[in-house]
Amino acid sequence: MRVDTLLTNIGQLLPMDNTGPVKGRDMNDLAILENAAIGMKDGKVEWIGTAEEANDLNADRTIDAKGKLVTPGLVEPHTHLVFGGSREHEMALKQQGVPYLEILKNGGGILATVNATKQASYNDLLDKALFHLDRMAMHGITTVEAKSGYGLDKETELKQLKVAKAAGENHPLDLVSTYLGAHAIPPEYKKDPEAFLDSMSELFDQIKEEDLAEFVDIFTETGVFTVDQSRRYLQRAKDKGFAVKLHADEIDPLGGTKLAVEMGAISGDHLAVASDDGISQLAASSTIGVILPGTSFYLGKDTYARAREMIDAGAAVAISTDFNPGSSVTENLQLIMSIAALKLKMSPAEIWHAVTVNAAHAIGRGKEAGSIKVGRKADIVIWDAPNYMYIPYHYGVNHVNTVIKEGAVLYE
Ligand code: NIG
Ligand code: FE
């Protein structure tokens, strides 16, 4: 057999080739191939076998993994990739104990980034998004979800979505786009959030026609949108053919987790303060819980999502950076893997499911990304690590040795 690239002498290979999202205690069962090799051809995985069997392959190029860990490229299922400016001045407010929602209420937070995003040109936003995508790639991510939500007017929301689309087209990473026009209430609609949601939903048709987003998301939170408003808005999105997501139960326990299940959302995200009922309904549903522990960490909270209970109850859980300029400012999903181990008490095996197969299913890419399987895109990371437990263990640094995107070395 002839292949373009042979990756051999893999110490531990995690294929993560489950047929669907991995739920509950199954998340702790990890298939590991030792002394493995992968043949790639035309950007896809052509062959998987042992290093000995690989000697019979005819390869144009051979990469020696030198006994290291090899996994699928990481899938990042929740980011606010496209935004103008930055908010480092809010750190002092946080240190003084000003709550996140209080900063927002006073016109800062998300609304500060909205102003900066309105002022930024299309090209500036695109350059900035590509910069952050580069950084994600360096940290081993090969597929990224990106939300709008820093426009809160039709023109700027469309600008953000078009930037995200161009970023996906101009960068080797795969990008999945989500419309989050319902991210905050802009000052001009303060007294009439329903009218604001009406106006944001008027973009649904154009977004569909121009293929600008696959998912519609909403921030269901105190001072933002209620459960009832969210239900109506998401139903309208579903009627237009969108799959839906929610920022649910992030700060106040409004019941967003239950709403995510009720709406048949592809994912319910955050879930930091989900109720007992919410957790058991999530576990019995096909909605994936996308947990963002970096946000709890970065907002200085003691409360973290009860991922342990969610998994023990049978839920499929993914984890993400929530990369954004306010509540979690990092592109490093490896750091989030450590926080998941330390604060969510997830096992290394659960964490690997959460950043590959389950993350891919949370953004509708379960059949393309998050696994190493014959016939699929060869999105592969070689780690400077002897085994899969090492990545969450050694925290705060980048363990990437080589990132391979569709069979080509993207970063080493
Ligand atoms: O996921 N919660 C709402 N949205 C983001 C934060 C956005 C921001 O602060 O700019 C989140 O935490
Ligand atoms: Fe978010």
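Residues numbered from 1 in each chain as written. Chains lettered and ligands numbered in written order. Predicted model: local features only at pLDDT ≥ 70, side-chain atom pairs only at ≥ 80, totals over all residues.

**As for the overall build of the protein**
For the record, the criterion: In this text, helices come from DSSP runs of H or I with a minimum length of four residues, and strands from runs of E with a minimum of two, each type numbered from the N-terminal end. It is over C-alpha atoms that the radius of gyration is taken, and the globule rule equals 2.2 Å times the number of residues to the power 0.38. To sort residues by burial, count the other C-beta atoms lying within 10 Å of each one's C-beta; a count of 20 or more means buried, 12 or fewer means exposed, and anything in between means partly exposed. C-beta atoms are built from the backbone. Throughout, a pair of residues is in contact if the C-beta atoms placed from their backbones lie within 7 Å.
The secondary structure content of the protein amounts to 16 helices and 16 strands. Scaling as 2.2 N^0.38, a compact globule of 412 residues should have a C-alpha radius of gyration of about 22 Å, and the protein matches this with 21 Å. Summarising its shape, the C-alpha atoms of the protein cover approximately 70 × 45 × 45 Å along the three principal directions. Among the 412 residues that make up the protein, the fraction classed as buried is 56%. The long-range share in the protein, meaning contacts at least 24 apart out of those at least 6 apart in sequence, stands at 73%.

**Describing the pairing of strand β7 (residues 141-147)**
Operational definition: By the convention used here, strands pair only if DSSP detects at least 2 bridges between them.
The buried fraction of β7 is high, at seven of seven residues. As paired elements, strand β6 (residues 74-76) and β7 share three bridges and run parallel to each other. Residue pairing for β7: Leu-74 is matched across the bridge by Ile-141. As judged from the five bridges shared by β7 and strand β8 (residues 174-182), these two strands associate in the parallel manner. Bridge pairing links Ala-146 to Ser-177 in β8.

**A short note on helix α14 (residues 348-355)**
Most of α14 is tucked away, with six of its eight residues classed as buried. What α14 keeps buried is the set Glu-350, Ile-351, Trp-352, His-353, Ala-354 and Val-355.

**Some remarks on the packing of helix α6 (residues 193-201) against helix α8 (residues 227-239)**
Under the convention used in this document: For helices, the fitted line uses only the C-alpha atoms of the stretch in contact; every axis is such a line through C-alpha atoms, and the angle between N-to-C directions lies from 0 to 180 degrees. Geometric relationships in this document are graded by angle, where less than 35 degrees denotes roughly parallel, more than 145 denotes roughly antiparallel, 65 to 115 denotes roughly perpendicular, and other angles denote oblique. Handedness of a helix crossing follows the sense of rotation of the near helix relative to the far helix, less than a right angle counterclockwise being left-handed and clockwise being right-handed. Gly falls in the polar group here, along with every residue not listed as nonpolar (Ala, Val, Leu, Ile, Met, Phe, Trp, Tyr, Cys, Pro) or charged (Asp, Glu, Lys, Arg).
Orientation of α6 relative to α8, taken along the N-to-C sense of each, is 15°, at an axis distance of 11 Å. Put simply, α6 runs roughly parallel to α8. Relative to α8, α6 is oriented so that their crossing is right-handed. Only Gln-229, Tyr-233 and Arg-236 of α8 make contact with α6, whose side of the interface consists of Pro-193, Glu-194, Leu-197 and Ser-201. Residue classes in the contact of α6 with α8 are distributed as three nonpolar, two polar and two charged.

**Some details on the UniProt feature "binding site: 4-imidazolone-5-propanoate" (unreviewed entry) in the protein**
Here is the rule: UniProt positions are given in the numbering used here, feature names are shortened, and annotations may be inferred rather than shown by experiment.
Per the UniProt entry, the sites bearing "binding site: 4-imidazolone-5-propanoate" (unreviewed entry) are Arg-87, Tyr-150, His-183, Glu-250 and Ser-327 in this numbering. Its location among the elements puts Arg-87 in the loop between β6 and α1 (90-95). With 20 C-beta atoms counted inside 10 Å, the residue Arg-87 sits in the buried group. Apart from residues no more than four positions distant in its own chain, Arg-87 is found in contact with Ala-112, Thr-113, Pro-325 and Gly-326. When you line up the elements, Ser-327 lands in the loop between β13 (317-319) and α13 (333-343). With residues up to four places along the chain from it excluded, the contact list for Ser-327 reads Tyr-100, Thr-295, Tyr-298, Leu-299 and Asp-322.

**Structural notes on the site of ligand 1**
Definition in use: Nearness rests on one distance test: the residue's C-beta atom, set from the backbone, must lie within 6 Å of the molecule or strand.
Near ligand 1 lie 13 residues; those nearest to it are Ile-110, Asp-322, Asn-324, Gly-326 and Ser-327. A class-by-class count of the residues in the shell around ligand 1 yields three nonpolar, eight polar and two charged.

**Details of the UniProt feature "binding site: Zn(2+)" (unreviewed entry) in the protein**
What UniProt calls "binding site: Zn(2+)" (unreviewed entry) maps, in this numbering, to His-78, His-80, His-247 and Asp-322. In summary, the annotated positions, though distributed over 245 residues, converge in three dimensions, the widest C-alpha pair being only 12.0 Å. As for its position among the elements, His-80 is in the loop between β6 and α1. The exposure class assigned to His-80 is buried, which follows from the 25 C-beta atoms found within 10 Å. Not counting the four nearest positions on each side in its chain, His-80 is found in contact with Lys-147, Gly-149, Phe-323 and Asn-324.

**Some points on the pairing of strand β1 (residues 2-13)**
Among the twelve residues of β1, nine are classified as buried, and the element is accordingly described as predominantly covered. Taken together, the six bridges between β1 and strand β4 (residues 58-64) define a ladder with parallel strand orientation. Residue Thr-5 lies in a different strand from β4, and its bridge partner there is Arg-61. Bridging between β1 and strand β5 (residues 69-72) involves two bridges; their strand directions are parallel. Along β5, the bridge assignment pairs Leu-13 with Val-70.

**Focus on the nonpolar core**
Rules: In plain words, the nonpolar core is the set of buried Ala, Val, Leu, Ile, Met, Phe, Trp, Tyr and Cys residues that C-beta atoms within 7 Å link up.
By size, the foremost hydrophobic cluster in this structure holds 136 residues, and its most contacted members are Val-317, Ala-340 and Val-355. Ranked by residues supplied to this core, first place goes to α13 with seven residues. Apart from residues lying up to four places away in sequence, Val-355 is in contact with Leu-74, Val-75, Ile-319, Leu-333 and Met-337.

**Description of the environment of Tyr-393**
With respect to the secondary-structure elements, Tyr-393 resides in helix α16 (residues 390-393). Judged by C-beta crowding, with 13 C-beta atoms within 10 Å, Tyr-393 ranks as partly exposed. Each C-alpha atom of the pair Tyr-393 and Ile-339 lies 9.8 Å from the other, and the pair is 54 residues apart in sequence.

**Comments concerning the sheet that holds strand β11 (residues 267-270)**
In spatial order, the strands read β6-β7-β8-β9-β10-β11-β12-β13; together these eight strands make up an open sheet with parallel pairing. In this open sheet, the two edge strands, each paired with only one partner strand, are β6 and β13. Direction aside, the axes of adjacent strands within the sheet are offset by 25° on average. Relative to strand β12 (residues 288-291), β11 runs parallel, the two sharing three bridges. Directly across from Gly-268, in β12, lies its bridge partner Gly-289.

**Here we look at unusual backbone geometry**
Backbone geometry places Asn-9, a non-glycine residue, at a positive phi of 60°. Structurally, Asn-9 can be placed in strand β1. The class for Asn-9 is partly exposed, based on 17 C-beta atoms found within 10 Å. Although it is not a glycine, Glu-406 sits at a positive phi angle of roughly 45°. Positionally, Glu-406 belongs in the loop between β15 (400-405) and β16 (408-411).

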